[in-house]
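Breakdown of the fold
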Amino acid sequence: FEDDRWADFCPLSSTRHVGQQILGAQTVIEHVTGRVDDQVSLAGRNYLAGTVEEETRLRYNERADGSVLLVNARINPLVDFERMVAGKSNFALLDRGEVAIALLTKRKFEGASAEDGTMPQRKLVAAARALERTESAEPILFRYPWEMLVANGRALEMSGGGARGQRLKISPQADVEEFVAFDPAGGPIIVGEKARIESFSRITGPCYIGPKTVIRSALVRGGTT
């Protein structure tokens, strides 16, 4: 869900759900959905519904049928938040007073939603008063986009893995010209399909070069997506 701090990620969030921000080689939504077994849907600004549904293939701003596990779209997916909520029921996990994750009944879920589709923190905190509240010992919510940039290198390292000799992954559909240097010593390097890297480029890991990206004889330093 998006809360009322989505504007702190502008202009990136102007036309995208906050959870669509890229961290490493995936969006935050993709990081989170890969770690849960239940059906995932999105809550956010109403005017984004058509675009976000088309791009994510997830249901958007649907009515709840029962209890809802809420995960803030500003969550740092590199944090082991499953451990923080393991074994809990009727709970809310807070980060510096803001709701990061909460299990709400259908009535409380609907009461915490605003007319624009977001879930303001003041409403969430009010809904969490009757729950078992736990304050996180470490920051687990991003508050500004530059915090995601700081975490980008670690996200890329976690997505690559493997021994040094296995840390260069180039799609067979990518076009890599002659005289391109790859240095995966600092982390994995992933090159997506139909990407093109021109001669005399140097790519330092960890790095993710997405599909159809063009690198024009450039120096790309580690930690870059």
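The structure we're discussing is the one just above.
If you're wondering where the values come from, they're calculated on a predicted model, not measured in any experiment.

It is worth spelling out the pattern of salt bridges at this point. Two side chains bearing opposite charge may form a pair once their charged atoms approach each other closely. Scanning all chains against the criterion turns up 15 salt bridges. With a shortest N-O distance of 2.5 Å, E82 and R35 are connected by a salt bridge. Of the two residues, E82 is situated in helix α3 (residues 81–85) and R35 in the loop between α1 (28–33) and β3 (41–42); the sequence distance between them amounts to 47 residues. Take E82: its relative accessible area is 30%, and that puts it in the partly exposed class. Given the relative accessible area of 30%, R35 is considered partly exposed.

Further remarks concern the sheet that holds strand β14 (residues 202–204). Within a sheet, each strand pairs with its neighbour through backbone hydrogen bonds, oriented either parallel or antiparallel. Pairing is parallel in the open sheet, where three strands are placed in the order β11-β14-β17. The sheet terminates laterally at β11 (181–183) and β17 (219–220), the two strands that pair on one side only. Direction of pairing for β11 relative to β14: parallel, over a ladder of three bridges. The residue of β14 that forms the bridge with F182 is I203.

The biggest cluster of nonpolar side chains holds 21 residues, and the ones touching the most others in it are L23, I75, I101 and I140. In contact with I140, other than residues within four places in its own chain, are R74, I75, N76, V79, M84, L93, D95 and A100. Within the second largest apolar cluster, 17 residues are counted, among which are L70, A92, V99 and A102.

Relative to the helices and strands, K212 is located in the loop between β15 (207–209) and β16 (214–215). We classify K212 as exposed; its relative accessible area is 63%. On a C-alpha basis, the gap between K212 and E138 in space is 37 Å, while along the polypeptide they are 74 residues apart. Excluding residues within four positions of it along the chain, K212 makes contact with E193, K194 and A195.

Going through the model one piece at a time under the given rule, you end up with two aromatic pairs. Here the aromatic rings of Y144 and W146 are separated by 4.8 Å at their centres, their planes lie at 5 degrees, and the arrangement is stacked. Among the residues examined, Y144 registers a relative accessible area of 31% and is labelled partly exposed. With a relative accessible area of 53%, W146 lands in the exposed category. Summarising the aromatic geometry, the rings of F179 and F200 are spaced 5.7 Å apart at their centres and angled 5 degrees between planes, so their arrangement reads as stacked. Placement of F179 in the loop between β10 (175–176) and β11 and of F200 in the loop between β13 (196–197) and β14 is noted, with a sequence separation of 21 residues between them. Take F200: its relative accessible area is 64%, and that puts it in the exposed class. Residue placement shows R45 over the ring face of W6; its charged tip is 3.9 Å from the ring centre.

Bringing the side chain of R45 into the picture now. By the element assignment, R45 lies in the loop between β3 and α2 (49–56). What makes R45 buried here is its relative accessible area of 2%.

Here we come to the sheet that holds β13. As summarised here, the arrangement of the three strands in space is β10-β13-β16, forming an open sheet in which the pairing is parallel. One side of each edge strand has no neighbouring strand; the edge strands of this open sheet are β10 and β16. Note that β10 and β13 share two bridges and pair parallel. When the bridges of β13 are listed, D175 appears paired with R196.

Further remarks concern the environment of T27. Considering the arrangement of structural elements, one finds T27 in strand β2 (residues 26–27). In this structure the C-alpha to C-alpha distance between T27 and T56, which are 29 residues apart in sequence, comes to 10.0 Å. Not counting chain neighbours up to four residues away, the residues in contact with T27 comprise G19, Q20, Q21 and I22.

Most of strand β7 (residues 98–104) is tucked away, with six of its seven residues classed as buried. As paired strands, strand β5 (residues 68–71) and β7 are joined by four bridges and run antiparallel to one another. Bridge assignment links V68 to a residue of β7, and that residue is L104. When strand β6 (residues 91–95) meets β7, the two strands line up antiparallel, connected through four bridges. In the strand pairing of β7, L94 is matched with V99. Counting the residues between successive antiparallel strands, the hairpin from β6 to β7 contains two residues, one of them, R96, with a positive phi of roughly 50 degrees.

Definitions and cut-offs
Residues numbered from 1 in each chain as written. Predicted model: local features only at pLDDT ≥ 70, side-chain atom pairs only at ≥ 80, totals over all residues. Heavy atoms only, no water. Salt bridge = Lys/Arg side-chain N within 4 Å of Asp/Glu carboxyl O. Helix = DSSP H or I, 4+ residues; strand = E, 2+ residues; numbered from the N terminus. Buried < 20%, exposed > 50% of the residue type's maximum accessible area, 1.4 Å probe, protein only. Pairing = 2+ DSSP bridges. Core = buried A, V, L, I, M, F, W, Y, C linked by side-chain atoms within 4.5 Å. Contact = heavy atoms within 4.5 Å. Phe/Tyr/Trp six-rings, centres within 6.5 Å; stacked < 30°, edge-to-face > 60°. Lys NZ or Arg CZ within 6 Å of the ring centre and 35° of its normal.

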